Amino acid sequence: MTKFDLRQQDCIEGMSRLRNDSVDLVVTSPPYNLGIGYRQYADRQDRQSYLKWCAKWAAQIRRILRSNGSFFLNVGSAPSNPMLPHQIVIELTSASGGFLLQNTIHWIKSITVEDGMGDLKSHGHFKPINSKRFLNDCHEHIFHFTKSGRVEIDRLALGVPYQDKSNIARWSHTRGGDLRCRGNTWFIPYETIQSRARERPHPATFPVQLAEWCIKLHGVSRIETMLDPFLGIGNSAVAAQRCGVKKFTGFEIDEAYLAEAKRRLEALQ
């Protein structure tokens, strides 16, 4: 059973009270500074102020993250503002930021695939836009930061079978097993909901499965303590419970979001 420590507190203040090198895994998604309608947070700062704020909470994450820990950061953008995720990466990997970008993962929310017969099939969900300039935005980034760039991960924890079975014998690293690395494109659609207010009462959440895959990729057996500094309604906490993480800490400034996170966890027990 996961031991939870969920606090209604600003994450920078909260993390400042945690010990150095005390967290194995961080999975989080901060406000994107795109004007999303949160209840208590004003999601529209000038760009430099926002990036400086990111540097502050990232510095606390780096301080408390163990040397072999992983920090998975989910960041989205808008078609009219495509550089924001990359500017955050530059900020966090600067000399003062201290992180190294070990992997970049593309979270695919919706995709259309044409099969060998020419039939088109669409999967997943996206929010359509009405524009003569921009395409619908069907993906977000998951940036995997570490302190050294050399942290081992469990690539086959998310493994998939080979489509061409001849590859099993062709590549020595398979050792005869029909399982390969999934790669850095993750198709994770949102679950269909009937009522946002009742089923997903938060304007910007990632699916529980996304956090589960981050946990498994880092290696469940190597995780003693996990953290989400921007807890929201607790999808990362639900993932921690499902995966059997021993201890989970989360910070959230909004009382209603925190209450919903606690309610969801209680429902799983």
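Residues numbered from 1 in each chain as written. Predicted model: local features only at pLDDT ≥ 70, side-chain atom pairs only at ≥ 80, totals over all residues. Heavy atoms only, no water.

Peer 1: I tried to follow the packing of aromatic side chains on my own but got confused; where do I start?
Peer 2: For the structure shown, the criterion picks out eleven aromatic pairs. On the basis of an interplanar angle of 80 degrees and a centroid distance of 6.1 Å, the ring pair of Trp53 and Trp57 is categorised as edge-to-face. In this pair, Trp53 and Trp57 are both assigned in helix α2 (residues 47-64), four residues apart and thus about one turn of the helix distant. Relative to Phe230, the ring of Trp57 has its centre 5.4 Å away and its plane inclined at 80 degrees; by these criteria the two rings are edge-to-face. Separated by 173 residues along the polypeptide, Trp57 in helix α2 and Phe230 in the loop between β9 (225-228) and α7 (235-243) bring together distant segments of the chain. The rings of Tyr50, Trp53, Trp57 and Phe230 are connected pair by pair, giving a single aromatic cluster. Sitting above the plane of the Trp107 ring, Lys109 keeps its charged end 5.0 Å from the centroid. (Phe/Tyr/Trp six-rings, centres within 6.5 Å; stacked < 30°, edge-to-face > 60°. Helix = DSSP H or I, 4+ residues; strand = E, 2+ residues; numbered from the N terminus. Lys NZ or Arg CZ within 6 Å of the ring centre and 35° of its normal.)

Peer 1: Explanation requested: the pattern of salt bridges in the structure shown.
Peer 2: Considering all chains together, one arrives at nine salt bridges under this definition. A salt bridge links Arg17 to Glu13; the shortest N-O distance between them is 3.3 Å. Its salt-bridge partner being Asp21, residue Lys147 comes within 3.3 Å of it at the nearest N-O pair. Within this pair, whereas Lys147 is found in the loop between β7 (139-146) and α4 (166-170), its partner Asp21 is found in the loop between α1 (11-15) and β2 (23-28), the two being separated by 126 residues in sequence. On the basis of relative accessibility, which here comes to 42%, the residue Asp21 falls in the partly exposed class. (Salt bridge = Lys/Arg side-chain N within 4 Å of Asp/Glu carboxyl O. Buried < 20%, exposed > 50% of the residue type's maximum accessible area, 1.4 Å probe, protein only.)

Peer 1: Explain the sheet that holds strand β3 (residues 65-75) to me, please; I cannot follow it from the model alone.
Peer 2: Strand pairing in a sheet is mediated by backbone hydrogen bonds. Such pairs are either parallel or antiparallel. Taken in spatial order, the eight strands line up as β1-β10-β9-β2-β3-β7-β4-β8 in an open sheet, and their pairing is mixed. Every other strand in the sheet has two partners, leaving β1 (3-7) and β8 (185-187) as the edge strands with one partner each. Looking at each pair of strands side by side, their axes are set apart by 20 degrees on average, direction ignored. Where β3 meets β7, five bridges bridge the pair, whose relative direction is antiparallel. The residue bridging Val75 from the neighbouring strand is His141, located in β7. (Pairing = 2+ DSSP bridges. Axes fitted to C-alpha atoms, helices over the stretch in contact; angles between N-to-C directions.)

Peer 1: What is the right way to read helix α8 (residues 255-268) from this model?
Peer 2: Here α8 spans 20 Å end to end across 14 residues, near enough to the 20 Å set by a 1.5 Å rise per residue. Taken together, the buried positions of α8 are occupied by Tyr257, Leu258, Glu260, Ala261, Arg264 and Leu265. The buried residues of α8 all sit within an arc of 160 degrees when viewed along its axis, so they share a single face. Across α8 from its buried face, at more than 90 degrees, point the exposed residues Glu255, Glu266 and Ala267. Looking at the buried side of α8, the elements it contacts are β1, α6 (208-218) and α7. (Expected span 1.5 Å × (residues − 1). Arc of directions from axis to C-beta. Contact = heavy atoms within 4.5 Å.)

Peer 1: Looking at this structure, how should I read α7?
Peer 2: One full turn of an α-helix is made of 3.6 residues, so residues set three or four places apart face in the same direction. Where burial is concerned, most of α7 is hidden: eight out of the nine residues are buried. Taken as a whole, α7 has its buried residues at Asn235, Ser236, Ala237, Val238, Ala239, Ala240, Gln241 and Cys243. Contacts made by the buried residues of α7 are with β1, β2, α6, β9, β10 (247-251) and α8. Gly244 sits one or two residues past α7 and shows a positive phi near 80 degrees.

Peer 1: Sorry if this is basic, but what is going on with the pairing of strand β6 (residues 120-124) here?
Peer 2: Along any regular strand, the residues point their side chains to alternate faces of the sheet. The buried fraction of β6 is low, at zero of five residues. Judged from the five bridges that link them, strand β5 (residues 110-114) and β6 form a sheet pairing that is antiparallel. Bridging across to β6, Ser110 finds its partner in Gly124.

Peer 1: For this particular structure, what's the right way to read the environment of Ile105?
Peer 2: Along the chain, Ile105 turns up in strand β4 (residues 100-108). With 81 residues separating them in the primary sequence, Ile105 and Trp186 have C-alpha atoms 7.2 Å apart. Sequence-distant contacts of Ile105, that is, excluding residues within four places in its chain, are made with Phe72, Glu140, His141, Ile142, Asn184, Trp186 and Leu217.

Peer 1: Teacher, can you tell me more about the packing of α2 against helix α3 (residues 84-92) here?
Peer 2: Packed helices, taken two at a time, are described by the angle between their axes plus the distance between the axes. For the pair α2 and α3, the least separation of the axes is 10 Å and the interaxial angle reads 50 degrees. Taken together, the axes of α2 and α3 are oblique relative to one another. α3 is crossed by α2, and the crossing has right-handed handedness. Taking contact as the criterion, the partners of Arg47, Tyr50, Leu51, Cys54, Ala55 and Ala58 in α2 are, on α3, Leu84, Gln87, Ile88, Glu91 and Leu92. (Parallel < 35°, antiparallel > 145°, perpendicular 65-115°, else oblique. Left-handed = near helix turned anticlockwise from the far one by under 90°.)

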